[in-house]
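Working through the structure, step by step
Here's the letter readout for the chains.
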Amino acid sequence: MSLGEIESRLRSAEAKAGREQGSTTLIAVSKVQPNERVEAILDQGHRVFGENRVQEAAGKWPMFRETYENVDLHLIGPLQTNKARQAMDLAQSIHTVDRPKLANSLARLAQELGYCPDLYIQVNTGEEPQKAGVLPIDADTFIQDALAMDLPVKGLMCIPPVEEEPSLHFALLGKIAKRNGLAGLSMGMSGDFESAVALGATHVRVGSAIFGARTATG
């Protein structure tokens, strides 16, 4: 499926939900994609991309930014505390703030460096033990603690369990965000982004539907 087809589906989903056109940002998830595929999307004018790993992003995006202006990079994978500084230098947004230790590191670095990417707190809406994220019962406290550290928390992020109806998880994320005064909702991927848009997603993360099958695991 082409980038244009995905963008058309996104705009249609917005219209169907009665939302303003362009109110949902499409993040093209370029993790483990060959550079030529990423360049093809850049050449079509798209500038918002998502990466899972700091190391991979560091090996790719400084080079691309020498040729392409206004790249907006989102880190959407787990972030180790010892990679936080590098992540802050590379990304404009980090979607996976998921534990106090990481929040504290980001707050310290923000004070030291004088800037901080936009942050999204990852909520483990399915309460899956193998998955990162703050549990829903702990989300309010964690969000307020992060805001009290002057962190630029813009919203929440979730990855629903694969075997469950995603809209239930999107709705839960929206409720948590609303009661904490957060506008951003990073939710929805290649197979369910239209449902996410209907439930208020501000960012959808689409990889395989744009780029094709990944060439490596990860």
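Refer to the preceding data block for the structure.
So, here is what we can say about the structure in this document. Sequence order as written defines the numbering, with residues in each chain counted from 1. Thresholds applied to this predicted model are a pLDDT of at least 70 for local features of residues and 80 or more for the giving and counting of side-chain atom pairs; totals over whole chains, interfaces and linings are not thresholded and use all residues. Note: side-chain values were computed over all heavy atoms of the structure, leaving out hydrogens and water.

**What to know about the overall build of the protein chain**
Stated formally: The helix count covers DSSP runs of H or I at least four residues long, the strand count covers runs of E at least two residues long, and both are numbered beginning at the N terminus. The size measure is the radius of gyration over C-alpha atoms, and the globule rule it meets is 2.2 Å times the number of residues to the 0.38 power. A 1.4 Å probe rolled over the protein chains alone gives each residue an accessible area, and that area as a share of the maximum for its type sets the label: buried under 20%, exposed over 50%, partly exposed in between. Throughout, a contact is declared for two residues whenever any of their heavy atoms are within 4.5 Å. The convention is simple: Lys and Arg are positive, Asp and Glu are negative, and His and the chain ends are not counted. By convention, the charge on Lys lies at NZ, on Arg at CZ, on Asp at CG and on Glu at CD.
Each helix and strand in the protein chain was counted, giving nine helices and eight strands. Taking 2.2 N^0.38 as the reference for a compact globule, 218 residues should give roughly 17 Å; the C-alpha atoms of the protein chain span a radius of gyration of 17 Å, in line with that estimate. Out of the 218 residues in the protein chain, the part that is buried amounts to 48%. Counting only contacts in the protein chain whose residues sit at least 6 apart along the sequence, the fraction spanning at least 24 positions is 58%. Charged side chains in the protein chain number 22 positive and 27 negative. The centres of these two groups are separated by 2 Å.

**Description of helix α2 (residues 35-43)**
We count it as follows: Within this analysis, the arc is defined by the directions that extend from the helix axis to the C-beta atoms.
The complete set of buried residues in α2 reads V38, I41 and L42. Looking straight down α2, one finds its buried side chains confined to an arc of 105°; they lie on one side. Exposed residues pointing more than 90 degrees away from the buried face of α2 are listed as E36 and D43. Summarising the contacts, the buried residues of α2 are in contact with α1 (3-16), β2 (48-51), α3 (54-65) and α9 (208-211). G45 sits one or two residues past α2 and shows a positive phi near 100°.

**Some words on the pattern of salt bridges**
Defined as follows: Basic side-chain nitrogens of Lys or Arg form a salt bridge, by our definition, when they fall within 4 Å of a carboxyl oxygen of Asp or Glu.
All chains considered together, the criterion is met by nine salt bridges. In this structure, E14 and R11 form a salt bridge, with 2.8 Å as the shortest nitrogen-oxygen distance. On the criterion of helical spacing, the pair formed by E14 and R11 is a turn pair, its members being three residues apart in helix α1. Taking the relative accessible area as the measure of exposure, E14 reaches 0% and is therefore buried. On the basis of relative accessibility, which here comes to 26%, the residue R11 falls in the partly exposed class. D98 is the partner of R99 in a salt bridge, and the nearest nitrogen-oxygen pair spans 2.6 Å. Using a relative accessible area of 25% as the deciding quantity, one classes R99 as partly exposed. Salt bridges here are not isolated pairs; linked through shared partners, they connect E51, E56 and K60.

**Notes on α3**
Defined as follows: Multiplying one less than the number of residues by 1.5 Å gives the expected span of a helix.
End to end, α3 covers 16 Å across twelve residues, agreeing with the expected 16 Å (1.5 Å per residue, within 8%). By the burial criterion, the buried members of α3 are V54, A57, K60, W61 and F64. Looking straight down α3, one finds that the buried residues subtend no more than 140° of arc, so they occupy a single side. Of the exposed residues in α3, the ones pointing more than 90 degrees away from its buried face are Q55 and G59. Contacts made by the buried residues of α3 are with α2, β2, β3 (72-75) and α4 (84-90).

**Focus: unusual backbone geometry**
At E127, a position not held by glycine, the phi torsion is positive, near 50°. Considering the arrangement of structural elements, one finds E127 in the loop between β5 (118-122) and α6 (136-148). Of the residues examined, E127 reaches a relative accessible area of 54% and is grouped as exposed. We note that D150 has phi near 65°; this positive angle belongs to a residue other than glycine. Topologically, D150 is positioned in the loop between α6 and β6 (153-157).

**Details of the pairing of β2**
Side chains on a regular strand alternate between the two faces of the sheet. This is how the line gets drawn: In this analysis, strands are considered paired if DSSP registers two or more bridges between them. When the strands point away from the viewer and the path from the first strand over the helix to the second turns clockwise, the crossover is right-handed.
Across the two faces of β2 the burial is the same, with V48 and G50 and F49 and E51 all buried. Judged from the two bridges that link them, strand β1 (residues 25-29) and β2 form a sheet pairing that is parallel. Paired with V29 across the bridge in β2 is G50. Handedness of the crossover joining β1 and β2 through α2 is recorded here as right-handed. Two elements, β2 and β3, share four bridges in a ladder whose sense is parallel. Along β3, the bridge assignment pairs F49 with L73.

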